[in-house]
Amino acid sequence: MNILIVFAHPERHSLNGALLDIAVAELQSQGHEVQVSDLYTMHWKAAVDRSDFPDLPTGERLKVASASSHEFAADGLTDDVKAEQEKLLWADTVILQFPLWWFAMPAILKGWVDRVYACGFAYGVGEHSDRRWGDRYGEGVMAGKRAMLLVTTGGWPEHYSERGINGQIDDLLFPINHGILFYPGFTVLPPFVAYRVDRLDDARFEIVSEQLRKRMRTLATTTPIPYRKQNGGDYQIPTMELKPGMETPGAVRFALHVAEQKPCLRDCED
Ligand code: FAD
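Bear in mind the structure is a predicted one, so any value in this text is a computation, not a measurement. In this convention, every chain numbers its residues from 1, walking through the sequence in written order. It should be noted that, the model being predicted, local features are given only for residues of pLDDT at least 70 and side-chain atom pairs only at 80 or more, the latter also being counted only at that level, while totals for whole chains, interfaces and linings use all residues. In computing side-chain properties, one takes all heavy atoms of the structure into account and sets aside hydrogens as well as water.

1. Examining the overall build of the protein
Here is step 1 of the chain: Elements are defined by DSSP. Helices are runs of H or I of four residues or more, strands are runs of E of two residues or more, and each kind is numbered from the N terminus. Within the protein one finds 7 helices and 6 strands.
Here is step 2 of the chain: Listed N to C, the secondary structure of the protein is β-α-β-α-α-β-α-β-α-α-β-β-α in terms of helices and strands.
Here is step 3 of the chain: Relative to a compact globule of 270 residues, whose C-alpha radius of gyration would be 18 Å, the protein shows 19 Å and is just as compact.
Here is step 4 of the chain: Only protein chains enter the calculation, and the probe is 1.4 Å; a residue is then buried if its accessible area is under 20% of its type maximum, exposed if over 50%, and partly exposed in between. A buried classification covers 48% of the 270 residues belonging to the protein.
Here is step 5 of the chain: Pairs at least 24 apart in sequence give 74% of the contacts found in the protein among residues at least 6 apart.
Here is step 6 of the chain: Areas reported as accessible are Shrake-Rupley estimates using a 1.4 Å probe. Residue values count occlusion only from the protein chains shown. As displayed, the protein offers around 13300 Å² of accessible surface, 53% of which is attributable to carbon and sulfur atoms.
Here is step 7 of the chain: Taken together, the 28 basic and 37 acidic charged side chains of the protein have centroids lying 4 Å from each other. To get the radius of gyration, use the C-alpha atoms; to get the globule rule, take the number of residues to the power 0.38 and multiply by 2.2 Å. It only takes one pair of heavy atoms within 4.5 Å for two residues to be counted as in contact. Neither His nor the chain termini are counted; the positive set is Lys and Arg, and the negative set is Asp and Glu. We put the charge of a Lys on NZ, of an Arg on CZ, of an Asp on CG and of a Glu on CD.

2. A closer look at the UniProt feature "domain: Flavodoxin-like fold" (unreviewed entry) in the protein
Here is step 1 of the chain: UniProt positions are given in the numbering used here, feature names are shortened, and annotations may be inferred rather than shown by experiment. Per the UniProt record, the feature "domain: Flavodoxin-like fold" (unreviewed entry) sits at residues 1-210.
Here is step 2 of the chain: Strand forms 15% of residues 1-210 and helix 33%; the C-alpha atoms that close the span are 21 Å apart.

3. Some thoughts on the pairing of strand E3 (residues 93-99)
Residues in a regular strand project their side chains so that they alternate between the two faces of the sheet.
Here is step 1 of the chain: Where burial is concerned, most of E3 is hidden: 7 out of the 7 residues are buried.
Here is step 2 of the chain: Judged by which residues are buried, E3 turns out to be covered on both faces: Thr 93, Ile 95, Gln 97 and Pro 99 on one side and Val 94, Leu 96 and Phe 98 on the other are all buried.
Here is step 3 of the chain: Should DSSP find at least two bridges between two strands, the strands are taken to pair. The sheet contact formed by E3 and strand E4 (residues 146-152) spans 7 bridges and is parallel. Within the sheet, the bridge partner assigned to Ile 95 lies in E4 and is Met 148.
Here is step 4 of the chain: Traced from E3 through helix H4 (residues 107-116) to E4, the parallel crossover comes out right-handed. Handedness of a crossover: with both strands directed away from the viewer, a clockwise path from the first strand across the helix to the second marks it as right-handed.

4. Here we look at the pairing of E4
Here is step 1 of the chain: Burial analysis of E4 places 7 of its 7 residues in the buried class, which makes it a mostly covered element.
Here is step 2 of the chain: Burial along E4 is two-sided: Arg 146, Met 148, Leu 150 and Thr 152 facing one way and Ala 147, Leu 149 and Val 151 facing the other are all buried.
Here is step 3 of the chain: Relative to strand E5 (residues 187-188), E4 runs parallel, the two sharing 2 bridges. Across the sheet, the residue bridging to Ala 147 is Val 188, located in E5.
Here is step 4 of the chain: In this structure, E4 lies alongside strand E6 (residues 192-194), joined through 3 bridges in parallel fashion. When the bridges of E6 are listed, Thr 152 appears paired with Ala 194.

Following this line, the structure appears as structure tokens:
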């Protein structure tokens, strides 16, 4: 398999850096091809602005989606964005790796998504009509590829449990898993989450490392999160609401969009 890891940590000699090395070594030992986009080392430009759309006439109001659509269709996006899009097309599996910062991904990674996910590439794909709302949520350019998150947190597993004060981890990661990965078509694997890592001793580092190696060995066989496909008959058109009676018993809010029992989303509880 071809595997792309998008790595968002400002310090290569960090726990995240060590976990990246472990993931890459394990994947390569399995015979996979690996590319890493190390966003800080690349000095990735995180903010979308006019300079992303070289064809936009001076003085014309910037409308990001339409400028993105035009520039993508004209093959006029900037070279850094095109290179990342090529990597995504090359990859069979994509891993987004980051420390949880303020309950979300670091800004540099969000900026990678904002710029690389061009209109016509990651959204605005397929037929948009009163019968269909495009190819998204399970369909799209990334269909057939797998993706997963590799996340570290300072918080304890209990803090991210059903009654935990931080909110459940699968709720916090839903906008990324469902909104950023499933939306353009990826099949989404349960995330690898290493909790309570700020004072990680050598023994726990070894446990986390071995759990990560195992996940890297099972990328092709891990059961994905069973998100419902937009165009699979579960949603009303055009409101895109889940049809009455389709919900898994007891499921509310984000969980409505998961078709069956959720898999265990926690790897590294101690
Ligand atoms: P590091 O600081 O590099 O290392 C952590 C520990 O691992 C250290 O004890 C270190 O000794 C050990 N270690 C590192 N490398 C190795 C190695 N090679 N071998 C063995 N041991 C090693 N946490 C939350 O839960 N929720 C939040 O919303 C949140 N927001 C944050 C916002 C900001 C701005 C910041 C800075 C932190 C936030 N945190 C939050 C905490 C953050 O998620 C953790 O600090 C981060 O996940 C730790 O990962 P790291 O790679 O930076 O670890």
